[in-house]
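Residues per chain are reported as follows:
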There are 2 protein chains.
Amino acid sequence: MRRIPIMCACLALLASCTTAKPEANEPEASARYTFWRPAPVQNAAEPSNVIKESLASDWRPIAPENLLIMELQGGGQVTIELASNFAPIHVANIKALARGGWWNPASVYRIQENYVVQWGLNESDKPLPAGVVKAPPAEYDRALAGLDIRPLGFPDSYAPMVGHADGWPVGYDPEAGRAWLAHCYGMVGVGRDLAPDTGTGGELYAVIGHSPRHLDLNIATVGRVIEGIDRLTAHPRGTEALGFIKDPKNHIRIARIRLAAEIPAAQRPAFEVMRTDTAAFSAYVTGRANRGGGFFNRPAGGVDLCNALVPTRRKT
Amino acid sequence: MRRIPIMCACLALLASCTTAKPEANEPEASARYTFWRPAPVQNAAEPSNVIKESLASDWRPIAPENLLIMELQGGGQVTIELASNFAPIHVANIKALARGGWWNPASVYRIQENYVVQWGLNESDKPLPAGVVKAPPAEYDRALAGLDIRPLGFPDSYAPMVGHADGWPVGYDPEAGRAWLAHCYGMVGVGRDLAPDTGTGGELYAVIGHSPRHLDLNIATVGRVIEGIDRLTAHPRGTEALGFIKDPKNHIRIARIRLAAEIPAAQRPAFEVMRTDTAAFSAYVTGRANRGGGFFNRPAGGVDLCNALVPTRRKT
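Residues numbered from 1 in each chain as written. Chains lettered and ligands numbered in written order. Predicted model: local features only at pLDDT ≥ 70, side-chain atom pairs only at ≥ 80, totals over all residues. Heavy atoms only, no water.

**Q** What should I look at first to understand the sheet that holds strand β15 (residues 271-274) of chain A in this one?
**A** Backbone hydrogen bonds are what pair the strands of a sheet, in a parallel or an antiparallel way. All names here are of chain A. Strand order across the open sheet formed by three strands is β1-β15-β16, with antiparallel pairing between neighbours. The two strands at the open ends of the sheet, each matched to only one other strand, are β1 (59-61) and β16 (312-314). The mean angle between the axes of side-by-side strands here comes to 30°, regardless of whether they run parallel or antiparallel. The sheet contact formed by β15 and β16 spans three bridges and is antiparallel. Paired with Glu272 across the bridge in β16 is Arg313. (Pairing = 2+ DSSP bridges. Helix = DSSP H or I, 4+ residues; strand = E, 2+ residues; numbered from the N terminus. Axes fitted to C-alpha atoms, helices over the stretch in contact; angles between N-to-C directions.)

**Q** What should I look at first to understand the packing of aromatic side chains in this one?
**A** Residues and elements named next belong to chain A. Scanning the entire structure with this criterion turns up ten aromatic pairs over all chains. Here Phe295 and Phe296 contribute two aromatic rings whose centre-to-centre distance is 5.4 Å and whose plane-to-plane angle is 80°, an arrangement assigned as edge-to-face. The class of Phe296 is buried, set by a relative accessible area of 11%. The ring of Trp59 is capped by Arg313, whose NZ or CZ atom sits 3.8 Å from the centre of that ring. (Phe/Tyr/Trp six-rings, centres within 6.5 Å; stacked < 30°, edge-to-face > 60°. Buried < 20%, exposed > 50% of the residue type's maximum accessible area, 1.4 Å probe, protein only. Lys NZ or Arg CZ within 6 Å of the ring centre and 35° of its normal.)

**Q** What is the right way to read the confidence of the model for chain A from this model?
**A** Detailed reading of predicted coordinates is not advised where the pLDDT is low. All names here are of chain A. Looking at chain A as a whole, the pLDDT averages 90, with 89% of positions reaching at least 70. Within the model, pLDDT remains below 50 along residues 1-32, and this stretch shows 63 contacts once partners closer than five positions in the same chain are excluded. The complex model carries a pTM of 0.90, and its ipTM stands at 0.90. (pLDDT = per-residue confidence, 0-100. Contact = heavy atoms within 4.5 Å.)

**Q** Honestly, the environment of Leu217 of chain B in this entry has me stumped. Any pointers?
**A** Position of Leu217 of chain B among the secondary structure elements: in the loop between β12 (204-207) and β13 (221-227). Each C-alpha atom of the pair Leu217 of chain B and Tyr140 of chain B lies 4.8 Å from the other, and the pair is 77 residues apart in sequence. If we skip the residues at most four places from it in the chain, Leu217 of chain B touches Arg298 of chain A together with Tyr140, Asp141 and Trp180 of chain B.

**Q** Mind showing me how you'd approach the side chain of Glu203 of chain B here?
**A** Residue and element names in this part refer to chain B. Structurally, the position occupied by Glu203 is in the loop between β11 (187-190) and β12. Arg110 provides the closest opposite charge to the buried, unpaired Glu203, separated from it by 9.8 Å. A polar contact of 2.6 Å, which involves the side chain of Glu203, links it to the side chain of Tyr109. Of note is the side chain of Glu203, whose polar atom sits 3.1 Å from the backbone nitrogen of Leu121. Setting aside residues no more than four positions away along its own chain, Glu203 makes contact with Trp102, Tyr109, Gln118, Trp119, Gly120, Leu121, Asn122, Glu123, Gly189, Val190 and Gly191. (Lys, Arg positive; Asp, Glu negative; His and termini not counted. Salt bridge = Lys/Arg side-chain N within 4 Å of Asp/Glu carboxyl O. Polar contact = N/O pair within 3.5 Å; in protein donor to acceptor, adjacent residues only side chain to side chain.)

Below you can see the structure in the form of structure tokens.
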């Protein structure tokens, strides 16, 4: 019985600690205490103003080799940044599939409300291009060493720690020395069958709902949609289990998927991502955690990883 | 300098506490420590099985008086449960607007990617029906007393505590004695202008992206979509600022909005919500926090409030 007051006294050094009334149906004891207490910041900079006032040096380009461009039949395109530092073999596969024209054509065959949209060839037997590794290892996390992580500064419901590294949202565990990409809205992963299958990269999905962070560490996360996610979301949901679209006639046709690097330099689109090791990004996170202006009366004093999406912008 | 080891030692009673390497661009000191450490549960029940095996007594009906039915022109409907215990004056307004036929017809005039869809009459001068309070108080939170909250059991990025009360996702602050509805996917709120305006209830929105919890405590949250949210999401996004749809011809027409209570009992739809004060709901939360089965290799050991959406089901 003495442990509770001791914990409270110590936690108070960090944040206040309050007992809630015990419930009939109560979870583990620790849940009866506040894990932290938000400390709202009044008059924080508006995130949009932080972006507006940022310097050119606050941004990094997306290499054309890491930019995947998916062109839909009938117009519209979706651009995706590949995270080559997190799932290198899966990303190399995706690049080989693009260069080999494997997806030309392909289709969006799954749209599940509040979850994911998925595309590719859906269990086709089409031979894989040269260079594609058929059974990549489970690249679901990586070494923490080598990543320059900016801690978010707020608790997370899934990971011991979360933050941003090189423009990506990550969960990490300093004790285990591991880090992984977080399944935020717009993140792209590799569809797979049951373990030990890890997917080749031929079937991809993007998150289109509340960030399904339970997928973290369970699947190869390989990138994020930079532009055009509305081309994937603004369609009727699939009516089969898991949102699969029953009638192939209703699949959304993809004319081709290629790397920006395959397009002549003068014609390729170019994008930038806000650097996450800058004072500008810190101001952006503080602004996201403390929305103000004329509309918000009470800044939250906290933000979750997936509501602090790293800003991106089109250059050409 | 002595405070850090003391905190670590004390926090270790709750969870392990690890220092991460200090960053050049570092947020407040507390962020360098783990707030908690997930404790995954192997072989937790699958959430779908918990629902399948639940008892009739694990569910509560939605009163017809709290069920709003929005019929779209050309077919399709969206049903919404109203949270009369959280924003009673705004909810009473919505009921009066429905009974007065104020929205017949109305339209969806805003669809913002990864944020909200909004409907109503959009700044119409149409006189309000009798009984509608023109300037309701800011019902953005309520007394904690009187709510039977089941704590979620995992940390939250926004609130000191989160959990579920009477089937609703809530944030709460035991110290302040206040509680509020959380802006999870599918939750419905009242559009408003700048403060002190709080909205009449005539303009409503539903969340269709990663849960924008920064809206909590800043707006009257009045309910959630129970069925048919895909009727709101599967449309082209508005191209104006904030996702407003420029051309009224592209608005989505709403034929009428009424309460289930206005429909003869034999014809009205009926829904149930899982009770959140039951062992079944606790098993459901544990299952959501520890996905298993053949697909998930590593249960998370945690879940955020908005990934533990309370199950609902249609009865008739």
